[in-house]
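Here is what each chain is made of, one letter per residue.
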Amino acid sequence: KSQLAALAQQHFGPAMDGDNLPASWLGTANATGTLAFYAKDALLVVDDFVSAGNGANQQKLHGEADKLLRAQGNSAGRRRLSSDGRLLGNRPPRGLILSTGEETPRGKSLNARLVLLSFPKGAMNWATLTVCQDSAASGEFAKTTSAFVQWLSPRLHDVQQAMFHQKLKRRRESVSSALHMRTPENLNALRFGFVTFLHFARSMGAISQYEAKALIGRAESAFRGVEMGEARKHTDT
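To keep things clear, this report deals only with the structure shown in the data block. (Residues numbered from 1 in each chain as written. Predicted model: local features only at pLDDT ≥ 70, side-chain atom pairs only at ≥ 80, totals over all residues. Heavy atoms only, no water.)

**So, the overall build of the protein**
Our working definition: Counting from the N terminus, the helices are DSSP H or I runs at least four residues long and the strands are E runs at least two residues long. We compute the radius of gyration from the C-alpha atoms alone; for a globule the expected value is 2.2 Å times N to the 0.38, where N is the number of residues. The classification of residues rests on relative accessible area computed with a 1.4 Å probe and restricted to protein chains. Under 20% of the type maximum is buried, over 50% is exposed, and intermediate values are partly exposed.
The number of helices and strands found in the protein is nine helices and three strands. Taken from the N to the C terminus, the helices and strands of the protein come in the order α-β-α-β-α-β-α-α-α-α-α-α. Its C-alpha atoms give the protein a radius of gyration of 19 Å, within 12% of the compact-globule value 18 Å for 237 residues. Over its C-alpha atoms, taken along the principal directions, the protein stretches across nearly 55 × 45 × 45 Å. Buried positions account for 30% of the 237 residues belonging to the protein.

**Some details on the packing of aromatic side chains**
The condition that has to hold: Note on ring pairs: Phe, Tyr and Trp rings are taken, using the six-membered ring of Trp, and paired if centres are within 6.5 Å. Classes follow the plane angle, with under 30 degrees stacked, over 60 edge-to-face and the rest tilted.
Under the criterion given, the structure shown has seven aromatic pairs. With a centroid separation of 5.3 Å and an interplanar angle of 85 degrees, the aromatic rings of W25 and F49 are classed as edge-to-face. Of the two residues, W25 sits in the loop between β1 (23-24) and α2 (29-38) while F49 sits in strand β2 (residues 43-49), which places them 24 residues apart along the sequence. For W25, a relative accessible area of 8% puts it in the buried group. Of the residues examined, F49 reaches a relative accessible area of 1% and is grouped as buried. Measuring from centroid to centroid gives 5.4 Å for F37 and Y38, while their planes differ by 65 degrees, and the two rings are edge-to-face.

**Quick word on the packing of helix α6 (residues 140-152) against helix α8 (residues 182-203)**
To keep things clear, this is the line we draw: Between N-to-C directions, angles cover 0 to 180 degrees, with each direction set by a line fitted to C-alpha atoms, over the stretch in contact for helices. Note that the term roughly parallel is reserved for angles under 35 degrees, roughly antiparallel for angles over 145, roughly perpendicular for angles of 65 to 115, and oblique for everything else. Contact criterion: two residues are considered in contact whenever any of their non-hydrogen atoms come within 4.5 Å of each other. Three categories are distinguished: nonpolar for Ala, Val, Leu, Ile, Met, Phe, Trp, Tyr, Cys and Pro, charged for Asp, Glu, Lys and Arg, and polar for the others, with Gly belonging to the last.
One can describe the packing of α6 onto α8 by two numbers: an axis separation of 11 Å at closest approach and a directional angle of 95 degrees. When the axis of α6 is compared with that of α8, the two are roughly perpendicular. Within the contact between the two elements, α6 uses T144, A147, F148 and W151 and α8 uses T196, F197, H199, F200 and S203. Broken down by class, the residue content of the contact of α6 with α8 amounts to five nonpolar, four polar and no charged.

**Describing the nonpolar core**
Generally speaking, a soluble globular protein has its nonpolar side chains buried in company with each other. Formally: Think of a nonpolar core as a cluster: buried Ala, Val, Leu, Ile, Met, Phe, Trp, Tyr and Cys residues, connected wherever their side-chain atoms sit within 4.5 Å.
Counting 15 residues, the largest nonpolar core has W25, L44, V46, L68, L69 and I97 as its most contacted members. Residue assignment for this core shows that the elements contributing at least two residues are β2 and α3 (55-74). With four residues, α3 is the largest single contributor of residues to this core. Of all hydrophobic cores here, the second largest spans six residues; its members include F148, W151, V159 and F192.

**Points about the side chain of R113**
The cut-off we apply is this: Note on charges: Lys and Arg go in the positive column, Asp and Glu in the negative column, and His and the chain ends are not counted at all. Counted as salt bridges are all cases of a side-chain nitrogen of Lys or Arg within 4 Å of a carboxyl oxygen of Asp or Glu.
With respect to the helices, strands and loops of the structure, R113 is situated in the loop between α4 (108-111) and α5 (126-137). Put simply, R113 is tucked away with no salt bridge, and the nearest opposite charge, on D66, sits 7.6 Å away.

**Brief notes about the sheet that holds β1**
Heads up, the condition is: Strand pairing is assigned whenever DSSP detects at least two bridges linking the two strands.
Taken together, three strands build an open sheet; the order of strands is β1-β2-β3 and the sheet is parallel. Both outer strands of the open sheet, β1 and β3 (96-101), are each paired with one neighbouring strand and no more. Alignment of β2 against β3, held across five bridges, turns out to be parallel. Across the sheet, L44 pairs through a bridge with I97, a residue of β3. In this fold α2 packs onto β1, β2 and β3, with an angle of close to 155 degrees to the strand it touches most, β2.

**Quick look at unusual backbone geometry**
One non-glycine residue, D41, lies in the positive phi region at around 55 degrees. You can see D41 is positioned in the loop between α2 and β2. The residue D48 is not glycine, and still its phi comes out positive at about 70 degrees. Looking at the element boundaries, D48 is found in strand β2.

**Description of the pattern of salt bridges**
A side chain with one charge may pair with a side chain of the opposite charge, provided their charged atoms come close. Evaluation of the coordinates by the stated rule reveals six salt bridges. A salt bridge links K40 to D41, with the shortest nitrogen-to-oxygen separation between them at 2.9 Å. Given the relative accessible area of 59%, D41 is considered exposed. Among the ionic pairs, R191 bridges to E220, the shortest N-O distance being 3.2 Å.

Here's what the structure looks like:
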């Protein structure tokens, strides 16, 4: 899990490999929250959520996870006062948090703000992973992100408007009663980002129309699987 998360993180810097991820659940909540604020429009991997130790330590970790991930889900930070009573600036997460771990943070309300991806044993293609790690370490992934940002910049307003209108459209569509109301919005945002990236890749000549169509088909299948998992998650909790 950490190695795959590192590949995503290396789109924002080749040095942030599996041994050098920027954040961990071993860090303090304030430190991780500050990183989430500074990682504006970027991915932040928070690695290895495992509630080990006694009951008090476990409760503390779950409390810290609730605070950080709820702030991400709500796009809101905690307001604070200075020692002399002045209102300090708000510092919410401004990017996207990708957390890895052996277990899931507690709380039905919190889990509604998350998209959980299960990673079964034996699912890793180690040969493909090695090829991707070599590309990421050489900076190829970061170059792709740089090119995407440059392509997106003059189109940003139109893309944001399209995403907003699609969000409203999806809200009006019927949703399975087994799903939490946040789940379709979470998945639609990920789907929109993926399709937008494919538009970029096609415009750069990196993939053909046929390849883009095949990738969308694979993605839709994966999203349906995630949606089924989300339905089970909310039923179980």
